[in-house]
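# Structure assessment
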Amino acid sequence: DGLKLFVWTQNGKRQLDNTNNTIADPVEYDRKRSGFGAKYLKKGLRISGEYMQGKGMIFVGQDKPLFDLNVAGNATGDGTEGEASGYYLDVGYQIPATNWELDARYDLYDRLEGDALEMEFKTLTLGAQYHINKKTRVTMNYADRSFEAITAGAPATTANKQLDGVGNRLAVQLTHIF
């Protein structure tokens with residue numbers, strides 16, 4: 001039982017050659033990440049949450065194969081100077097006198113804020129765990145996932161068409177500690 005509060009930060013540099021020439025001429029970019037959160041535990045109840053933000057070297061991802069950090073001056077944006085933020089809230093409850101634990105989690109990630117290809121990722125996950133014994137458990141999760149390019153224009157329309165194929169997820173996992 002208890003309450004834990006935390007604050008964290010990371011600062012660093014990354015080199016990237018994002019030119020479209022045949023010369024190796026990497027540029028150094030800042031990469032900053034920070035966040036704060038809390039975790040509360042009391043008699044089988046678990047509540048945790050965290051807010052995070054980042055600036056510089058924001059990964060653009062596989063959903064836009066022609067838009068990545070390696071295209072300098074791309075009219076739709078460049079993640080080398082991008083900003084992102086997100087948060088999650090997670091609640092779990094271990095049902096007394098049973099081997100069952102129930103979980104619910106909501107998270108939101110806003111990538112490339114203010115950019116022509118700003119993306120918003122939202123996920124609501126409902127889950128249950130059955131503890132077979134102290135070393136083995138089965139975990140079942142259903143994630144209702146939503147991905148959307150939230151700015152107007154052709155780049156967002158294209159990205160949204162690509163993201164339409166990403167659906168919800170059902171996962172079952174068996175975990176054993178050796």
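For the structure, check the block above.
The notes below deal with the structure included here. (Residues numbered from 1 in each chain as written. Predicted model: local features only at pLDDT ≥ 70, side-chain atom pairs only at ≥ 80, totals over all residues. Heavy atoms only, no water.)

A word on the pairing of strand β6 (residues 119-131). Across a regular strand the side chains alternate sides, sitting on one face of the sheet and then on the other. Taken together, the 12 bridges between strand β5 (residues 100-111) and β6 define a ladder with antiparallel strand orientation. By the bridge assignment for β6, L102 is matched with A128. Taken together, the 13 bridges between β6 and strand β7 (residues 136-149) define a ladder with antiparallel strand orientation. The residue of β7 that forms the bridge with M119 is A149. (Pairing = 2+ DSSP bridges. Helix = DSSP H or I, 4+ residues; strand = E, 2+ residues; numbered from the N terminus.)

What follows concerns unusual backbone geometry. Although it is not a glycine, M57 adopts a positive phi angle of roughly 55 degrees. Checked against the element boundaries, M57 lands in the loop between β3 (45-55) and β4 (83-94). For M57, a relative accessible area of 14% translates into the label buried. Phi at L112 takes a positive value of approximately 60 degrees, unusual for a residue other than glycine. Take L112: it is sitting in the loop between β5 and β6. (Buried < 20%, exposed > 50% of the residue type's maximum accessible area, 1.4 Å probe, protein only.)

Under the counting rule described, the total for this entry stands at 7 salt bridges. Put simply, R46 and D90 hold a salt bridge, and the shortest N to O gap is 3.0 Å. Residue R46 is found in strand β3, and its partner D90 is found in strand β4; the two are separated by 44 residues along the sequence. Across this residue pair, the class does not change: R46 and D90 are buried. (Salt bridge = Lys/Arg side-chain N within 4 Å of Asp/Glu carboxyl O.)

Let's shift gears to the nonpolar core. Of all hydrophobic cores here, the largest spans 7 residues; its members are L117, M119, F121, A149, A156, A159 and L163. Of all the secondary-structure elements, those providing two or more residues to this core are β6 and α1 (154-163). With 3 residues, the single largest contributor to this core is α1. (Core = buried A, V, L, I, M, F, W, Y, C linked by side-chain atoms within 4.5 Å.)

The next thing to look at is the packing of aromatic side chains. Scanning the model with the defined rule gives 5 aromatic pairs in all. Relative to Y106, the ring of Y87 has its centre 6.2 Å away and its plane inclined at 45 degrees; by these criteria the two rings are tilted. You can see Y87 sitting in strand β4 and its partner Y106 sitting in strand β5, a full 19 residues away along the chain. The class for Y87 is partly exposed, based on a relative accessible area of 38%. Through a chain of ring-to-ring contacts, three or more aromatic side chains come together here, namely Y109, F121 and F147. One Lys or Arg, R105, reaches over the ring of Y88 and ends 4.2 Å from the middle of that ring. (Phe/Tyr/Trp six-rings, centres within 6.5 Å; stacked < 30°, edge-to-face > 60°. Lys NZ or Arg CZ within 6 Å of the ring centre and 35° of its normal.)

None of the figures reported here should be taken as evidence of function without further support.
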